[in-house]
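# Observations on the model geometry
Here is how the chains run, residue by residue.
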Amino acid sequence: MAVREWVLHVDLDQFIAAVEVARHPELRGKPVVVGGTGDPAERAVVATASYEAREFGIHSGMPLRTAAKRCPDAIFLATDAPAYQEVSDRVMATLREFPVIVEVLGWDEAFLGATTGDPEALAADVRRAVAEETGLSCSVGIGDNKLRAKLATGFAKPAGIFRLVKENWWNVMAEKPTDALWGIGSKTTKKLAEAGYPTVLDLAGADPADLAGRFGPKLGPWYRILAGGIGDAEVTATPYVARSRSRETTFQQNLTDLEAMTAEVVTLAKRVSQDVAEEGRPAARVAVKVRFAPFLTHTHSVTLPAPTAEPAEIEKAALAVLAMFDLGRPVRLLGVRAEFSSTAAESASP
């Protein structure tokens with residue numbers, strides 16, 4: 001095989017649950033759910049679930065109480081971010097020992113930029129090295145760009161290797177629903193299907209003008225590009241730069257009093273302001289997230305008159321955003337987010 005440039009996507013299998021099982025071997029093969037303080041009676045969501053727990057329909061983001069109903073015998077554990085970070089650091093250090101460029105995406109995944117004639121052999125070596133160093137399993141997707149490598153990992157899981165490139169793109173993806181694409185969620189998939197584009201192949205052949213009219217001048221045509229498997233192939237080792245800093249609180253008892261909600265947003269805004277100060281970059285936009293009972297989430301945001309790190313300005317903006325909501329319903333979660341000037345993005349309400 002000729003030597004050429006490849007993108008590999010390394011994704012640790014059920015990472016958080018795997019770290020917990022490694023620390024508690026007696027949990028191996030059992031349904032393990034990690035989230036919150038580990039008490040399913042409290043309001044918190046699932047951070048991750050072992051494959052055994054996923055067989056009961058438990059997934060990340062699900063309320064712990066729902067997870068407990070679906071699998072009463074599940075073992076619930078509290079999240080332990082420092083432990084996960086320590087293991088993640090070891091994994092990334094292991095990846096950097098290879099002659100590749102490593103672009104870290106989070107605790108449990110990274111892109112590798114590699115020049116090789118045998119990407120499957122490199123992927124196998126990566127899997128072996130990670131297992132030897134940490135005892136954890138990972139899956140590796142091989143692609144000719146980041147999009148295809150990322151999607152390939154889904155076909156590789158668990159504990160496998162899969163190649164998705166231009167040559168086999170249509171054989172693999174043509175008849176898949178559009179939410180098989182990285183960046184298209186279930187709501188957009190439904191809208192695309194209603195518009196006459198139920199599959200990846202249908203979307204790839206869509207009229208760009210029609211997509212622009214339905215989904216906006218940027219998003220619409222971008223969906224069509226995704227359907228063709230077209231994406232960025234450059235892997236960069238530049239350090240991760242946070243796009244925003246946020247804080248949120250889930251209440252064990254719903255808030256119904258506006259004064260209490262206001263006080264909570266003020267507290268969250270102050271904590272976010274401290275985070276912004278530590279980041280050393282001004283905030284350009286402030287957003288507030290409200291989750292109403294039982295589980296309906298809305299977000300509103302405003303652009304600041306000028307980028308700032310002043311706590312009073314961030315608090316003022318957060319309270320102004322809070323006033324945009326109809327707060328006549330019980331509230332189970334409040335959050336405040338500050339988006340930095342270099343990457344501030346438009347936020348929209350669902």
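Below is a short write-up of the structure. (Residues numbered from 1 in each chain as written. Predicted model: local features only at pLDDT ≥ 70, side-chain atom pairs only at ≥ 80, totals over all residues. Heavy atoms only, no water.)

The next thing to look at is the packing of aromatic side chains. Note on aromatic pairs: each is described by the distance of the centres and the angle between the planes. Here the structure, examined in full by the defined rule, presents seven aromatic pairs. Between Tyr84 and Trp107, the aromatic rings sit 5.5 Å apart at their centres with planes inclined by 70 degrees, giving edge-to-face as the arrangement. Residue Tyr84 is found in helix 4 (residues 81–95), and its partner Trp107 is found in the loop between strand 5 (101–106) and strand 6 (109–116); the two are separated by 23 residues along the sequence. With centroids separated by 6.2 Å and ring planes inclined at 55 degrees, the aromatic side chains of Phe111 and Trp182 adopt a geometry described as tilted. Here Phe111 is found in strand 6, whereas its partner Trp182 is found in the loop between helix 7 (169–173) and helix 8 (186–194), with 71 residues between them in sequence. Judged by relative accessible area, Phe111 falls into the buried class, the value being 2%. Members of the aromatic cluster, each reached through a chain of ring pairs, are Phe15, Tyr84 and Trp107. The ring of Phe340 has Arg281 sitting right over it, with the charged end atom 4.2 Å from the ring centre. The ring of Phe292 has Arg329 lying over it, and the distance from NZ or CZ to the ring centre is 4.0 Å. (Phe/Tyr/Trp six-rings, centres within 6.5 Å; stacked < 30°, edge-to-face > 60°. Helix = DSSP H or I, 4+ residues; strand = E, 2+ residues; numbered from the N terminus. Buried < 20%, exposed > 50% of the residue type's maximum accessible area, 1.4 Å probe, protein only. Lys NZ or Arg CZ within 6 Å of the ring centre and 35° of its normal.)

Bringing helix 1 (residues 15–23) into the picture now. A large share of helix 1 lies buried, amounting to seven of its nine residues. Within the span of helix 1, buried status applies to Phe15, Ile16, Ala17, Ala18, Val19, Glu20 and Val21. Looking at the packing, one finds that the buried side of helix 1 touches strand 1 (4–12), strand 2 (32–34), strand 3 (48–49), strand 4 (75–77) and helix 4. (Contact = heavy atoms within 4.5 Å.)

This part is about the sheet that holds strand 8 (residues 161–164). Note: strands within a sheet are paired through backbone hydrogen bonds, in either parallel or antiparallel orientation. Reading across the sheet, the five strands line up as 5-6-1-7-8 and stay open at both edges, with mixed pairing between neighbours. Because the sheet does not close on itself, it has two edges, and the strands there are strand 5 and strand 8. This sheet shows a mean twist of 20 degrees between the axes of neighbouring strands, independent of strand direction. Looking at chain direction, strand 1 and strand 7 (residues 138–143) are connected through six bridges and run antiparallel. Along strand 7, the bridge assignment pairs Val10 with Val140. (Pairing = 2+ DSSP bridges. Axes fitted to C-alpha atoms, helices over the stretch in contact; angles between N-to-C directions.)

Let's shift gears to the nonpolar core. Among the nonpolar cores identified, the biggest contains 35 residues, and Leu8, Phe15, Leu95, Leu112 and Val126 are the most heavily contacted of them. With six residues, helix 4 is the largest single contributor of residues to this core. Beyond its immediate chain neighbours, meaning those up to four positions away, Leu95 contacts Val10, Val100, Val102, Ala110, Leu112, Val126 and Val130. Counting residues in each nonpolar core, the second largest holds 28 residues, with Ala242, Ala269, Phe292 and Val321 among its members. (Core = buried A, V, L, I, M, F, W, Y, C linked by side-chain atoms within 4.5 Å.)

For the rest of this paragraph, the subject is the pattern of salt bridges. Under the definition given, this model contains 19 salt bridges. For Arg23, the salt bridge identified is with Asp80, shortest N-O distance 3.0 Å. Placement of the pair is Arg23 in helix 1 and Asp80 in the loop between strand 4 and helix 4, with a sequence separation of 57 residues. Judged by its relative accessible area of 25%, Asp80 falls in the partly exposed class. In this structure, Glu248 and Lys289 form a salt bridge, with 2.8 Å as the shortest nitrogen-oxygen distance. Linking Glu248 in strand 9 (residues 244–255) with Lys289 in strand 10 (residues 283–292), this pair joins segments that are 41 residues apart in sequence. On the basis of relative accessible area, Lys289 is assigned to the partly exposed category, the value being 21%. One salt-bridge network, held together by shared partners, links Arg245, Arg247, Asp275, Glu279 and Arg281. (Salt bridge = Lys/Arg side-chain N within 4 Å of Asp/Glu carboxyl O.)

What follows covers unusual backbone geometry. With omega at -10 degrees, the peptide bond leading from Lys157 into Pro158 counts as cis. Note that Pro158 resides in the loop between helix 6 (146–156) and strand 8. Residue Pro294 is reached from Ala293 by a cis peptide bond, and omega for that bond is 5 degrees. Note that Pro294 resides in the loop between strand 10 and strand 11 (296–308). Phi at Gln14 takes a positive value of approximately 35 degrees, unusual for a residue other than glycine.

Let us now look at the packing of helix 12 (residues 258–279) against helix 13 (residues 311–322). Running from N to C, helix 12 and helix 13 point in directions that differ by 140 degrees, and their axes come no closer than 9 Å. Classified by the interaxial angle, the pair formed by helix 12 and helix 13 is oblique. In the packing of helix 12 onto helix 13, the handedness of the crossing is right-handed. Residues Met261, Thr262, Val265, Val266, Ala269, Lys270, Ser273 and Val276 of helix 12 lie in contact with helix 13, whose contacting residues are Pro311, Ile314, Glu315, Ala318, Leu319 and Leu322. Considering only residue class, the contact of helix 12 with helix 13 consists of ten nonpolar, two polar and two charged. (Parallel < 35°, antiparallel > 145°, perpendicular 65-115°, else oblique. Left-handed = near helix turned anticlockwise from the far one by under 90°. Nonpolar A, V, L, I, M, F, W, Y, C, P; charged D, E, K, R; others polar.)

Where nonpolar side chains cluster on the molecular surface, the patch consists of Leu219, Trp222, Ile225 and Ile230 and spans about 370 Å² of accessible area. In this structure, Leu219 sits in helix 11 (residues 219–227). Judged by relative accessible area, Leu219 falls into the partly exposed class, the value being 41%. (Patch = residues over 30% accessible without salt bridge, like charges linked within 9 Å, V, L, I, M, F, W, Y side chains within 5 Å. Areas by Shrake-Rupley, 256 points an atom, 1.4 Å probe, with all protein chains shown as cover.)

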